[in-house]
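What follows is each chain in one-letter form.
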Amino acid sequence: MNESLGTNEWPEGGPPRPMTLEEADRRAEWSEDFQRLILRVGALACAAVVVKLPSGDEGIGTAFHVGEGVYLTARHVLEDNEVLSVVPYSRGWIFRDELIEEARTGGMLNGEIPIWSMHHEKPHVLRGPFFHNDDAIDVAAFVMGGIDRNTPAMALGFHYDDWIVDADWLLTKGIVFGYPPVPTAKDPIQLAATVEVNGVVDTYRDRYVRFVVSGPSRGGFSGGPVFHERGFVLGMVIESLEQFGKPEPGFFTILSIEPLHEVLEQHGLTPQRQLPPTAEETIAMAREELEARQAARAAKRCGSTE
């Protein structure tokens, strides 16, 4: 595994493809090793965003790292609010083969399996916030300074809205990260929860798809990522389900990935690892998958004749 959590699996503008054998195996292990990997590395990509509201009260939201110090969050977490602090999660570690850059610092711990312990030097907002060009779109980005050089980045999916087929997503799972207020806690506490996709919605507000998921619909998760079992960010938490001004407990909505890519592109913030695969890379991936499927069919035929 490299420095990014997950891989960009779909080419830009391309339709969802059938699951590879490797993906099928990974999905079968969802409740075990892969989920543990998401929890360990994904947590380190997230940060608490503490703000002062116009009322004078404090509020909290979530942001997540997508590479090169760039973080994404919900627009309503930042707009018209004063950012008091952004606190990257640091209670964790990564293995040596997951490092972005290896250096001789106090971050590396000795042992049979060398690991890197996260250490942020006075993290602060270096640039931003940057908002989506459409004022109605609840997406924002900012650039952080003072973060650990090996802060993991979450890979954004490329499931653009025109190619989303509802049946491909229903009852699939993911993990949501966020910082809902916890009574009696002295500092922001990161929570993670397993969620399930229960619906795909086209709304009258704009042209972007929302996923309805079952999970904890609490404040503080706003701006947080939902990391999907297929190995990439499904989208961003923006709001709970509401009817007549009353929230529906147990459900919230996820803004799909397209506007997240857009805000990065609009402000020239797209990290190298979030660029869509080239045509050559797409062809190479398709060829590898075809060869793997042909080998699997051949092995299956040989097994059936024994």
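What comes next concerns the included structure. (Residues numbered from 1 in each chain as written. Predicted model: local features only at pLDDT ≥ 70, side-chain atom pairs only at ≥ 80, totals over all residues. Heavy atoms only, no water.)

**Describing the overall build of the protein chain**
What the protein chain contains, in helices and strands, is five helices and 17 strands. Burial statistics for the protein chain: of 306 residues in total, 45% are counted as buried. The long-range share in the protein chain, meaning contacts at least 24 apart out of those at least 6 apart in sequence, stands at 70%. Carbon and sulfur atoms make up 52% of the accessible area of the protein chain, which totals about 15500 Å². (Helix = DSSP H or I, 4+ residues; strand = E, 2+ residues; numbered from the N terminus. Buried < 20%, exposed > 50% of the residue type's maximum accessible area, 1.4 Å probe, protein only. Contact = heavy atoms within 4.5 Å. Areas by Shrake-Rupley, 256 points an atom, 1.4 Å probe, with all protein chains shown as cover.)

**Comments concerning the pattern of salt bridges**
Close approach of charged atoms allows side chains of opposite charge to pair. Following the criterion strictly, the structure yields six salt bridges and no others. One salt bridge in this structure joins glutamate 79 and arginine 75, with 3.2 Å as the shortest N-O distance. By relative accessible area, which is 5% here, arginine 75 ends up buried. One salt bridge connects glutamate 196 with lysine 173, and the closest N-O pair in it is separated by 3.2 Å. Pair noted here: glutamate 196 is in strand E13 (residues 191-202) and lysine 173 is in strand E12 (residues 173-178), with a separation of 23 residues, a long-range link. (Salt bridge = Lys/Arg side-chain N within 4 Å of Asp/Glu carboxyl O.)

**Some words on unusual backbone geometry**
Put simply, glycine 128 and proline 129 share a cis peptide bond, and its omega is 10°. Tracing the sequence through the fold places proline 129 in strand E9 (residues 124-131). Even without a glycine there, the phi angle at glutamate 68 is positive, about 55°. Take glutamate 68: it is sitting in the loop between strand E3 (58-67) and strand E4 (70-73). Looking at glutamate 68, the relative accessible area reads 53%, which means it is exposed.

**Side note on the packing of aromatic side chains**
Summed over all chains, the structure comprises four aromatic pairs. With a centroid separation of 6.5 Å and 70° between ring planes, the pair formed by tryptophan 169 and phenylalanine 232 is classed as edge-to-face. Here the residue tryptophan 169 occupies a position in the loop between strand E11 (153-154) and E12, and phenylalanine 232 occupies one in the loop between strand E15 (225-228) and strand E16 (233-243), the gap between them amounting to 63 residues. Residue classification places tryptophan 169 among the buried positions, given a relative accessible area of 0%. (Phe/Tyr/Trp six-rings, centres within 6.5 Å; stacked < 30°, edge-to-face > 60°.)

**Side note on the side chain of glutamate 229**
With respect to the helices and strands, glutamate 229 occurs in the loop between E15 and E16. Within the structure, glutamate 229 has its side chain in polar contact with the backbone nitrogen of lysine 173 (distance 2.6 Å). (Polar contact = N/O pair within 3.5 Å; in protein donor to acceptor, adjacent residues only side chain to side chain.)

**As for the nonpolar core**
Core analysis: the biggest nonpolar cluster contains 44 residues, and Phe64, Leu72, Leu156, Leu260 and Leu264 have the highest contact counts within it. Element by element, the count of residues in this core is highest for strand E10 (residues 140-145), at five residues. Listed in part, the 16 residues of the second largest apolar core include Val213, Phe221, Leu234 and Phe252. (Core = buried A, V, L, I, M, F, W, Y, C linked by side-chain atoms within 4.5 Å.)

**So, the pairing of E15**
Side chains of E15 alternate between two faces, with Pro225 and Phe227 and Val226 and His228 buried alike. Looking at chain direction, E12 and E15 are connected through three bridges and run antiparallel. Within E15, the position partnered with isoleucine 175 by the bridge is phenylalanine 227. (Pairing = 2+ DSSP bridges.)

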